[in-house]
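Coordinates in review
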Amino acid sequence: MATTTTAPTTDRATFEQPKHRARRELRIRLGLQAATLVGVVVLAVLLVRVLAVGLEFLDWGFLTSLPSRIDPSQAGVSPGLTGTLSLMLIVAIGSFPLGIGAALYLEEFAPKNRLTNLIETNIANLAGVPSVVYGLLGAGLFVGILDLGRSLLAGGLTLILLILPVIIVTSREAIKAVPNALREGGLGLGATRWQTTYKLLLPQALPGMITGAILGLSRAIGEAAPILVVGATSARFRNSSPLDLLEQFSALPINIYNYTFDPDPTFQAIAASAIIVLLGALLLMNGIAIYFRNRASKGVR
Amino acid sequence: MAALTQRAGEDNPLAPRSKRLGEKVILAVLFACGAVSVVTTVAIVLVLANETIPFFRDVSWQRFVFDTEWQPFGSDLDVVRLGIWPLITGTMHVTVIGLLVAVPIGLAAATYLSEYATPKVRGTLKPTLELLAGIPTVVLGFFALTTVTPFFRNVLGFEGIDFFNSFSGGLVVGVMLIPTVASVSEDAMTAVPNALREAGYGLGASKSRVALRVVFPAALSGIVAAIILAMSRAVGETMIVALAVGSRPTITLNPFVQNQTMTGYIAQSVGGEAARGSFQYEALFAVGSTLFLMTLALNLIAAAVVRRYRQEY
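Residues numbered from 1 in each chain as written. Chains lettered and ligands numbered in written order. Predicted model: local features only at pLDDT ≥ 70, side-chain atom pairs only at ≥ 80, totals over all residues.

So, the overall build of chain A
The test is simple: Secondary structure elements follow DSSP: runs of H or I of four or more residues count as helices, runs of E of two or more count as strands, with numbering from the N terminus. Two things to know: the radius of gyration comes from C-alpha atoms, and the globule rule equals 2.2 Å times the number of residues to the power 0.38. A pair of residues counts as a contact when their C-beta atoms, built from backbone coordinates, are within 7 Å of each other.
Along chain A, the regular secondary structure elements total 13 helices and 0 strands. The order of helices and strands in chain A, counted from the N terminus, is α-α-α-α-α-α-α-α-α-α-α-α-α. Against the 2.2 N^0.38 benchmark of 19 Å for 301 residues, chain A shows a C-alpha radius of gyration of 26 Å, more extended than a compact globule. Judged by the C-alpha coordinates and their principal axes, chain A covers about 95 × 70 × 40 Å. Long-range pairs, those at least 24 residues apart, make up 73% of the contacts in chain A between residues at least 6 apart in sequence.

A look at the overall build of chain B
The line we're drawing: Burial in this document is a count-based property: other C-beta atoms within 10 Å of a residue's C-beta are tallied, and the residue is buried at 20 or more, exposed at 12 or fewer, or partly exposed in between, with C-beta positions derived from the backbone.
When its secondary structure is counted, chain B shows 13 helices and 2 strands. With the C-alpha coordinates aligned to their principal axes, the bounding extent of chain B is approximately 75 × 65 × 30 Å. Every one of the 313 residues in chain B was classed for burial, and the buried ones make up 46%. In chain B, 73% of the contacts between residues at least 6 apart in sequence involve partners at least 24 apart.

Notes on unusual backbone geometry
Although it is not a glycine, Asp147(A) adopts a positive phi angle of roughly 60°. Along the chain, Asp147(A) turns up in the loop between α7 (131-145) and α8 (152-176).

Some words on the interface of chain B and chain A
Convention followed: Polar here means any residue outside two lists: the nonpolar Ala, Val, Leu, Ile, Met, Phe, Trp, Tyr, Cys and Pro, and the charged Asp, Glu, Lys and Arg; Gly therefore counts as polar.
The interface of chain B with chain A comprises 69 residues on the first partner and 63 residues on the second. For the side of chain B that touches chain A, a count of residues per class yields 43 nonpolar, 21 polar and 5 charged.

Some points on the packing of helix α5 (residues 78-109) of chain A against helix α10 (residues 193-222) of chain A
All names here are of chain A. Rules: Convention adopted: a line fitted to C-alpha atoms gives each axis, helices being fitted over their contacting stretch, and angles between N-to-C directions are expressed from 0 to 180 degrees. Should an angle lie under 35 degrees it is considered roughly parallel, over 145 roughly antiparallel, and from 65 to 115 roughly perpendicular; all remaining angles are considered oblique. In this scheme, a crossing is called left-handed if the near helix is turned counterclockwise away from the far one by less than a right angle; it is called right-handed if the turn is clockwise.
Relative to each other, α5 and α10 sit at 135°, their axes nearing to 9 Å. Considered as vectors, α5 and α10 are oriented oblique to each other. Helix-helix and strand crossings are classified by hand; for α5 and α10 the assignment is right-handed. Facing Thr84, Leu87, Met88, Val91, Ala92, Ser95, Phe96, Gly99, Ile100, Leu104 and Glu108 of α5, the residues of α10 in contact are Thr197, Met209, Ala213, Gly216, Leu217, Ala220 and Ile221. A class-by-class count of the residues in the contact of α5 with α10 yields 12 nonpolar, 5 polar and 1 charged.

Digging into the environment of Leu137(A)
Within the secondary structure, Leu137(A) sits in helix α7. It is 39 Å that separates the C-alpha atoms of Leu137(A) and Glu56(A), two residues lying 81 residues apart in sequence. Residues within four places of Leu137(A) in sequence aside, it is in contact with Thr158(A), Leu161(A), Ala43(B), Ile44(B) and Val47(B).

Some remarks on the confidence of the model for chain A
Residue and element names in this part refer to chain A. To keep it simple, the criterion reads: Every residue is assigned a pLDDT by the predictor, reflecting its confidence on a scale from 0 to 100.
Per-residue confidence for chain A averages 85 on the pLDDT scale, and 91% of its residues sit at or above 70. Confidence, expressed as mean pLDDT per element, reaches its minimum in chain A at helix α1 (residues 2-5) with 44 and its maximum at α8 with 93. Note on residues 1-10: pLDDT is under 50 here. Beyond four places in sequence and across chains, it has 0 contacts.

Section: the packing of α5(A) against helix α2 (residues 21-58) of chain B
In a pair of packed helices, the angle between the axes and the distance between the axes together describe the arrangement. The contact between α5(A) and α2(B) brings their axes to 7 Å, and the two run at 110°. Relative to α2(B), the element α5(A) is oriented roughly perpendicular. Residues Leu98(A), Gly101(A), Ala102(A), Leu104(A), Tyr105(A), Leu106(A) and Phe109(A) of α5(A) form the contact with α2(B), whose participating residues are Leu27(B), Val29(B), Leu30(B), Phe31(B), Cys33(B), Gly34(B), Val36(B) and Ser37(B). For the contact of α5(A) with α2(B), the per-class residue count stands at 12 nonpolar, 3 polar and no charged.

Comments concerning the nonpolar core
Soluble globular proteins tend to pack their nonpolar side chains together in the buried interior. Applied cut-off: Definition of nonpolar core: a set of buried Ala, Val, Leu, Ile, Met, Phe, Trp, Tyr and Cys residues joined via C-beta atoms within 7 Å.
One finds Leu136(A), Ile256(A), Val172(B) and Val181(B) to be the most contacted residues of the largest nonpolar core, which totals 181 residues. Excluding residues within four positions of it along the chain, Val181(B) makes contact with Ala102(B), Val103(B), Gly106(B), Leu107(B), Ala226(B), Ile227(B) and Ala230(B).

Dropping the structure here:
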């Protein structure tokens, strides 16, 4: 019969020699490994390049001087650095209570109805809105309609709205990790739901919440697009203090952006110096976040 | 916790006689915190509409959709060219190049981390990739403009590459997207139950066959969602393209010439001619609305893919 003559050789891999098979397995494995390392290698090249170019200008004077377009040795990032610190303060004050409050509501108090569902879907969608659109929101709402000017406050409020979804999501994870026995114990002893939440849940969930909040904050201070659209500039007015809420403001990412655009390679090196300062700040914040995460995982379970 | 509220109703003899006022106030405050997110969304839509509607009063939508040039500079509304297409094709350049980089590399990394890597290797590689995800995009933009473009122009001697071009921008956007693609699709692959892998091994399949022909298809919905999310992030990415791609939107297939994306236009034009009330200012929001609708559509599709095709194991 014709069917018996056609040998089942269609799928060679099924019948390949063990030697070939082992070689093919190794090839695939190495290929996957190499692909995984691409990201790591690019990160390494980026850091080496930034350090190689930027360390030259990095000294105490760099942190305390004003930006300059004339003399590279005099140039600095003081308005950007102080502006970033001010923004951090505003964003922390605004977003931590709001985010943690929203997370507590959704995890502990919200009834299962359509409104809750709407809030949850909405938070998920907000997390996907491009940051530059938040910038337009800030420009239209805070600078335009509320007439705050292109000010520190307008920039801070914009960043608060930007990172709120991140903080809500991580805070909810921290609350979810608290065992139910604590809730039942509190309610069983006759505590009200808020007393249970405040006295029992919150201390347990707090380290995890702080981790999430700091990570959200570190995302906020690295963002350039939203505050650029709101109207951040390279410098602020000479006589204003870094905490003048209604004054023109600057931030490190804006300094980096403007220095990078300079056609003179020396000023691009200054951009690299500013990048080192920014990455240093981010590294510090991530270190603090990891410290709290480790404390959280050691907590009562 | 919702069940507890219902049990504390009228017919429950153990329910407190008088509800505490403080509890109600606190509940209201917490609800207000949750409602901020809804207010934010409404505000985004209203603010975008608030400037986009006047824009389309001055400029017909046909002009916006069918004109093939974007040159919004000048004060004469009849002379300026306000066709969105060059900005959209510029965005597509960066998105396509970015995905060509991020999808193969990200999926390979996800396969390696989920199927091959020992816990120890995984424990080192994953945080390193997260570190890459934490690099501010303005820093990546610096990298694209001052390292990647000069590398192709000077080291490899590609004379035809402009100083600003969508190729370098797209490559670096792709690098930025690797962690997104890798971590979302790795989650999907780790969620595939071991019984499927064991069935594959039981039939005599090799490790790579199990990874590529069993686990990969089983995790496909999550993988597709990861790719769409990456696409949405590429469309919305601003600082890399504002620094590296340039400021001259052109309809072209050549990725080595200067171009401009929607996000790049918004970031570069806010400081300049776009004073409040001018049609340039309104044009920013018209472009912003287009961008917002595109990313929203992509995010909704990604969510729908996950909901529709998710396999519950």
